[in-house]
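# Inside the fold
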Amino acid sequence: MRGTAVAAIALTSLMVVSACAKDSGGGDNTSAPSGSACEFSTPPTAPASSSSTTAAAGRKVDGSALKIGLAYDIGGRGDASFNDLAAAGFDKAIADMGVKKENTRELSAAPNEDESAKQTRLRQLASEGFNPIVGVGFAYTESLKVVAPEFPNVQFGLVDSAVEGVTNVTPLVFAEQEGAFLAGVVAAYQSKNCHVGFVGGVDIPLIQKFEAGYNQGAQTAAPKVKLDKKYITPAGDFTGFQDPPKGQEAAKGLIDKGADVLYPAAGASGIGVFAAIKEAGVLGIGCDADQYNQPALAANRDVIVASSLKRVDVAVYDFFHAAAANDLASLPKVFDLKSNGMGYATSGGKIDAKLQGILEAYKAQIIEGKIKVADKI
């Protein structure tokens, strides 16, 4: 697929279909897939089952009197990733809590916009009576430092960041490295060259957490695996999250070096990454959402062997639910594997029972604290 075609796809309006992997037991098989060059460590023994819970599980809340708002990061609905997950949590909150459609509002950011634009967006929602409100992404951190104190009776949720000392801003942060660890295990087992790659959208600490976990997972499964990476843009240039042609170019560079399984943490730019993967006949692992089921990736989904799940949908839904119940203290401090804030999906049937058992075993060890996943390279 050419860059222009990829860019056109990126602009298509999409709806996310979120799906967690079903928990599964399994054996302790250490054999490599056919053709794999990796030598594998002995994996831990898979548990009979594993479970995780959410803060809102089993509780009904009446939100019919609420007005709820969502301020997206760049890309808004249709990025097949981070923002679409927030949209899914927003939609579920509306449906489950009986929020009237006219009492909802969604606003989106523009690439590299001024800080004042973010403040204006948040003020608009708060001044029009929307409460609670979620800012989707760390880009809203500085704006909420200013705007939240102006509206002390409005509850704000902030995805991927915190505002110290401002009591009406609830951080919704994740252990991204834990889901990425499992993606790295998949990559090692699926690689025929024992050579895997990572594509980051923007070279910032948040995306480096994905890289750190991915590298650790791959190296834990196969200590001699070769790792390569490419960031689309440097820190400060956030267009790296919505430039599919550059994502395609970055992926091609890694494939040309020999990487045959790629994992993009790149927002809408991942659309271009998967186009390059398809063209080269290699494999990919989705990020944030179950990307096998994303409409924007339908033409290339056969190369997606699994996805790591960053359950922004769970965090957004749980925040609205807890705010409506006046119980924000019930939210987890970090959305991780244990709280169902991270996970993995194996849609498409390309992960066999033995490998899924290995994934469940590593997942259980992370939840139990036997494996500590680093959040820095």
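Look a little higher up for the structure.
Residues numbered from 1 in each chain as written. Predicted model: local features only at pLDDT ≥ 70, side-chain atom pairs only at ≥ 80, totals over all residues. Heavy atoms only, no water.

## A few points about the overall build of the protein chain
Along its length, the protein chain carries ten helices and eleven strands. Residues counted as buried form 57% of the 377 residues belonging to the protein chain. Accessible area for the protein chain stands at about 14,600 Å²; split by element, carbon and sulfur atoms hold 50% of it. (Helix = DSSP H or I, 4+ residues; strand = E, 2+ residues; numbered from the N terminus. Buried < 20%, exposed > 50% of the residue type's maximum accessible area, 1.4 Å probe, protein only. Areas by Shrake-Rupley, 256 points an atom, 1.4 Å probe, with all protein chains shown as cover.)

## Concerning the pairing of strand E9 (residues 283–286)
Across two bridges, the pairing between strand E8 (residues 261–265) and E9 is parallel. The residue of E9 that forms the bridge with Leu262 is Gly284. Note on the crossover from E8 through helix H8 (residues 270–280) to E9: the handedness is right-handed. Where E9 lies against strand E10 (residues 304–310), three bridges are found, and the strand directions are parallel. By the bridge assignment for E10, Gly286 is matched with Ser307. (Pairing = 2+ DSSP bridges. Right-handed = clockwise from strand over helix to strand, strands pointing away.)

## Some thoughts on the nonpolar core
Counting residues in each nonpolar core, the largest one holds 94 residues, and the members touching the most others are Leu144, Phe156, Ile207, Tyr263 and Phe320. A total of nine residues in this core trace back to one element, the largest contributor, which is helix H5 (residues 176–190). Discounting residues that sit within four places of it in the chain, Phe320 has contacts with Ile68, Gly69, Phe90, Ala93, Met97, Pro132, Ile133 and Val134. Listed in part, the 21 residues of the second largest apolar core include Ala80, Val273, Ile277 and Ala296. (Core = buried A, V, L, I, M, F, W, Y, C linked by side-chain atoms within 4.5 Å. Contact = heavy atoms within 4.5 Å.)

## Points about the state of the cysteines
One pass over the full model with this rule turns up one disulfide. Across the disulfide from Cys38 sits Cys194; the S-S distance is 2.0 Å. With the S-S bond torsion at 100 degrees, the cross-link from Cys38 to Cys194 turns out right-handed. Here Cys38 is found in the loop between helix H1 (3–10) and strand E1 (68–74), whereas its partner Cys194 is found in the loop between H5 and strand E6 (195–202), with 156 residues between them in sequence. Owing to a relative accessible area of 7%, Cys38 belongs among the buried residues under this scheme. Note on Cys194: relative accessible area 9%, which makes it buried. (Disulfide = S-S within 2.5 Å.)

## Thoughts on the side chain of Gln216
Relative to the helices and strands, Gln216 is located in helix H6 (residues 205–221). Judged by relative accessible area, Gln216 falls into the buried class, the value being 19%. There is a polar contact of 2.8 Å between the side chain of Gln216 and the backbone nitrogen of Ala374. What Gln216 contacts, discounting residues up to four positions off in sequence, is Phe181, Ile371, Lys372, Val373 and Ala374. (Polar contact = N/O pair within 3.5 Å; in protein donor to acceptor, adjacent residues only side chain to side chain.)

## Thoughts on the pattern of salt bridges
Evaluated as defined, the whole model comprises 16 salt bridges. Between Lys92 and Asp96 there is a salt bridge, and its shortest N-O distance comes to 2.8 Å. With Lys92 and Asp96 both in helix H2 (residues 82–97) and four residues apart, this pair spans about one turn of that helix. Looking at Asp96, the relative accessible area reads 31%, which means it is partly exposed. Taking the shortest distance from any N to any O, the salt bridge between Asp160 and Lys310 comes out at 2.8 Å. You can see Asp160 sitting in the loop between strand E4 (156–159) and strand E5 (169–172) and its partner Lys310 sitting in strand E10, a full 150 residues away along the chain. You'll find Asp160 and Lys310 in the same group, each marked buried. (Salt bridge = Lys/Arg side-chain N within 4 Å of Asp/Glu carboxyl O.)

## Observations regarding the packing of helix H7 (residues 244–256) against H8
It is at 6 Å that the axes of H7 and H8 come closest, and there the two elements cross at 40 degrees. By the criterion of interaxial angle, the relationship of H7 to H8 is oblique. Every pair of crossing elements has a handedness; the one defined by H7 and H8 is right-handed. Touching Pro244, Gly247, Gln248, Ala251, Lys252 and Ile255 of H7 are Ile271, Gly272, Val273, Ala275, Ala276, Ile277, Glu279 and Ala280, all from H8. The residue makeup of the contact of H7 with H8, split by class, is nine nonpolar, three polar and two charged. (Axes fitted to C-alpha atoms, helices over the stretch in contact; angles between N-to-C directions. Parallel < 35°, antiparallel > 145°, perpendicular 65-115°, else oblique. Left-handed = near helix turned anticlockwise from the far one by under 90°. Nonpolar A, V, L, I, M, F, W, Y, C, P; charged D, E, K, R; others polar.)

## Topic: the pairing of strand E2 (residues 104–109)
Two elements, E1 and E2, share five bridges in a ladder whose sense is parallel. Each bridged residue has a counterpart across the sheet, and for Ile74 the counterpart in E2 is Ala109. Regarding topology, H2 serves as the crossover connection from E1 to the parallel E2, and that connection is right-handed.

## What to know about the packing of aromatic side chains
Evaluation of the coordinates by the stated rule reveals ten aromatic pairs. With 5.7 Å between their ring centres and 65 degrees between their planes, Phe181 and Tyr362 make a pair best called edge-to-face. One end of the pair, Phe181, is in helix H5; the other, Tyr362, is in helix H10 (residues 353–367), with 181 residues separating them in the sequence. Both residues of the pair, Phe181 and Tyr362, belong to the buried class. With 6.2 Å between their ring centres and 40 degrees between their planes, Phe198 and Tyr214 make a pair best called tilted. (Phe/Tyr/Trp six-rings, centres within 6.5 Å; stacked < 30°, edge-to-face > 60°.)

In short, shape yes, function no, at least from these values alone.
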